[in-house]
Amino acid sequence: MANLIQKIAAGWLLALGCVCAQANTADAGDANKDAPPEVRTFSVPQPSSSAPAPAAAPAPAAAAPAERPPRRIALLLPLHSENLGQVAEVLRQGFMAAHEIQSDGVLVNVVESGENGADVLDNYQLALSQHDVIVGPLSRAGVETLIASGGLSKPTLALNYPEKISERLPHNLLLMGLSLEDEARQSAQWAAQNLPKGARALVLSSNIAWQRRAAKAFALQWQKLGMEALQQEIWSSSGFLSAAGLEQLKKRLSSEKLQLIYIALDAEQTRQLRNLLPPELPQYGSSQLNRIALQDQEHADPALFLDGVRVLDIPWQFQRDHAAVMVYPRLLQNAEQKRSADLERLYGLGIDAYRIARVLALQTGQALELDGVTGRLQVKVNKNGFSFERQLPQAVFRQGVLQNHGLPQLGP
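Fair warning: this is a prediction, and the values are worked out from it, not measured in the lab. (Residues numbered from 1 in each chain as written. Predicted model: local features only at pLDDT ≥ 70, side-chain atom pairs only at ≥ 80, totals over all residues. Heavy atoms only, no water.)

Undergrad: Help me get a handle on the layout of surface pockets, residues and values and all.
TA: The volume enclosed by the largest pocket comes to roughly 1,200 Å³. Forming the walls of the largest pocket are 41 residues, and the residues nearest its centre are Tyr161, Ile165, Ser179, Asp182 and Arg185. For the lining of the largest pocket, the element with the most residues is helix α6 (residues 209-224), which contributes seven residues. In this structure, the second largest pocket spans a volume of roughly 410 Å³. Those elements that provide at least two residues to the lining of the second largest pocket are α8 (267-273) and β17 (401-404). For the lining of the second largest pocket, the element with the most residues is α8, which contributes three residues. (1 Å grid on protein atoms, 1.4 Å probe; cavity = no way out; pocket = protein on both sides within 12 Å on 5 of 7 lines; lining within 4 Å. Points joined across faces, edges and corners; volume = space filled by probe spheres on them. Helix = DSSP H or I, 4+ residues; strand = E, 2+ residues; numbered from the N terminus.)

Given below as structure tokens:
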């Protein structure tokens, strides 16, 4: 997610190969196949006791209530962007897969947004005039431009976050992208539950931008909880951690009294240092440690070097028996293409974005809770507008595979 999502956030994602994937979705008409036939009501007069009753003409059919016109949702994506086209297409497929399963009462139009802020704003305003709910934009620059414009007169579900989130966002704006920083803050909350106040955590990262952001988010949240955070950055080049940095880490581990370690690194970097970490210390990590798409895990080499590390990730990536995960079709790709965990997460985001947009379109102004494929989602509505929360499920690596956690109480 980081190497893709965080580059989206920065607005300069490297161009990737074309995704030749299509969702294995249900027939759009299936939702209406079992609709009950129209029921007509007739009034039949009672016969007289003195004479045979004349044949009664059926009363006119009761007037059917006027059908509510379908609500219109615009999906605003940079599908023709050289940088963002691939991830936009994957999001589109997830969104439309969910629409085909639950399409009643809603029409979806996919609108090209462009990539830069001015194009996003022009296309957003065009979509706004013709739709009831807008989903997008995708780029961080697009979201920031939209916020600055102040012209959000209808519910808008942004798929990314601005660089800095102010306390007062536009009234109709709901931010629901996938965020490694939010994940890190939730990890700090989870890790602190069984540790005493003042517990010391060592937060590890490299010089890579997303890792620095995740490490900072964990450390700040850890400190807010009354704990002490120590940070160490190990220089990384071409995926390899520097020997000098690893030696410095080894010395620090032998001299510091710690109660926990948070690993804001990817799986290959973690492989290089995991044998240095004291096995008795609780260890938490980023979802970037879970690099195998769910449908490939049975045939992939298990990441045994990660056993015992606790992680938060979306249900789409590790909960096979989750109700929503079982319902929605998986992202299909050509046999020669390697499946990407990052793209799977974005596909899941597309599914949940549609599910929330549909409820907001049909029940304007309503709060909702949703057990989604990207977590337990909650949308609240108050005088200041929307607020959004995603609670991620807890997991642990066992036998090299991420599984639902069932952990004993942690000691100090």
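Resuming the write-up.
Undergrad: I'd like a rundown of the sheet that holds strand β15 (residues 385-391), residues and numbers included.
TA: Reading across from one edge, β13-β14-β15 is the order of the three strands in this open sheet, with antiparallel pairing throughout. Either end of the sheet is taken by a strand with one partner, and the two such strands are β13 (368-372) and β15. Adjacent strand axes in the sheet meet at a mean angle of 15° when their direction is disregarded. Across seven bridges, strand β14 (residues 375-382) lies against β15 in antiparallel orientation. Considered in β15, the bridge of Lys380 is made with Ser387. Its contacts with the sheet put helix α10 (residues 341-362) on β13, β14 and β15, and the angle it makes with β13 is roughly 155°. (Pairing = 2+ DSSP bridges. Axes fitted to C-alpha atoms, helices over the stretch in contact; angles between N-to-C directions. Contact = heavy atoms within 4.5 Å.)

Undergrad: Can you lay out the side chain of Glu181 for me, pointing to particular residues and giving the numbers?
TA: By the element assignment, Glu181 lies in helix α5 (residues 180-192). The exposure class of Glu181 is buried, given its relative accessible area of 15%. At a separation of 3.4 Å, a polar atom in the side chain of Glu181 contacts the side chain of Arg213. (Buried < 20%, exposed > 50% of the residue type's maximum accessible area, 1.4 Å probe, protein only. Polar contact = N/O pair within 3.5 Å; in protein donor to acceptor, adjacent residues only side chain to side chain.)

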